[in-house]
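Each chain, written out:
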Amino acid sequence: MAPRTAKPATRPHLKTHRIERAGRACLTNARRLLEDAQQLEDFGSPSTACYLSAIAQEEVAKSFLLALVVRDVVPWDKKLLPVLSDHRCKQLLCVVMDFLSPDLEAFVESCNAVVLRNELPRMPPAVADALNILRYEKIGRWASKSWCWAEDPEYDRDALAIANGRQERVKQAYIYVDIGADGSATALPTMLTVEEAQTERERAGRLLALAERLLDGDAAPGLDFDLVREAFRILFAQA
């Protein structure tokens, strides 16, 4: 019998290339979903279109996290796999991405704070706590269920609501009928306007462009990227 030979170790650049391809595949799928969403808007089905746009945002969030791995901000670890498949984790990542690539109103306010009011760039509490919840309440508790806080942290209300499923429930309400304990229909799919569906699709487009810039190696892919990059590095160095 021939002696067994050890499998060659995976070269770091090959692993990075594989992760980058996965990130770009997520973006390709997000674009497909957004094209379908736009067609549904045109055919008068904005609620289903909104659902597809929400799913596209989650695909983009996966690409965002993978891009951070490619850029050596976050180390690749199997602990990240549940994040890539958990809806609430991806929705928390979207909060961070929204901060980096805000809509026009939020962008103008951020610029005014720095230029007109001479305020230092800062990370809003919802963004900071979206990261803290992702790292400690999601990844941390998946890794070990035996630890607890000496004192329960007081997280930002919006970030905590997303972690507790508020956004997921809204997303499900776009397409599902809720059934109550007595067997009756308690809620019908949310009826949205075309304008509301367009807003959700445009948000997905903003986030997609950010993730693509990140994968392309843009030195400044988003507003205040240095703040977010440093936060990820500190939090995930403790993983």
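(A) Quick peek at the side chain of S63. Position of S63 among the secondary structure elements: in helix α2 (residues 46–70). Other than its neighbours up to four places away in sequence, S63 contacts G23, C26, L27, A211 and L215.

(B) Spotlight on the packing of aromatic side chains. In this structure the tally under the stated criterion is two aromatic pairs. Ring centres of F64 and F232 lie 6.1 Å apart, and the angle between their planes is 70 degrees; this geometry places the pair in the edge-to-face category. With F64 in helix α2 and F232 in helix α10 (residues 225–237), the pair connects residues that are 168 residues apart, well separated along the chain. Of the two residues examined, F64 and F232, each falls in the buried class. Ring pairing ties together the aromatic residues F64, F232 and F236, which thus form one cluster.

(C) The arrangement of unusual backbone geometry in detail. The phi torsion at D72 lies on the positive side, around 60 degrees, for a residue other than glycine. In this fold, D72 is placed in the loop between α2 and α3 (80–85). Judged by relative accessible area, which is 62%, D72 ranks as exposed. Phi is positive for D224, which is not a glycine, with a value near 55 degrees. With respect to the secondary-structure elements, D224 resides in the loop between α9 (194–215) and α10.

Calculation rules
- Residues numbered from 1 in each chain as written.
- Predicted model: local features only at pLDDT ≥ 70, side-chain atom pairs only at ≥ 80, totals over all residues.
- Heavy atoms only, no water.
- Helix = DSSP H or I, 4+ residues; strand = E, 2+ residues; numbered from the N terminus.
- Contact = heavy atoms within 4.5 Å.
- Phe/Tyr/Trp six-rings, centres within 6.5 Å; stacked < 30°, edge-to-face > 60°.
- Buried < 20%, exposed > 50% of the residue type's maximum accessible area, 1.4 Å probe, protein only.

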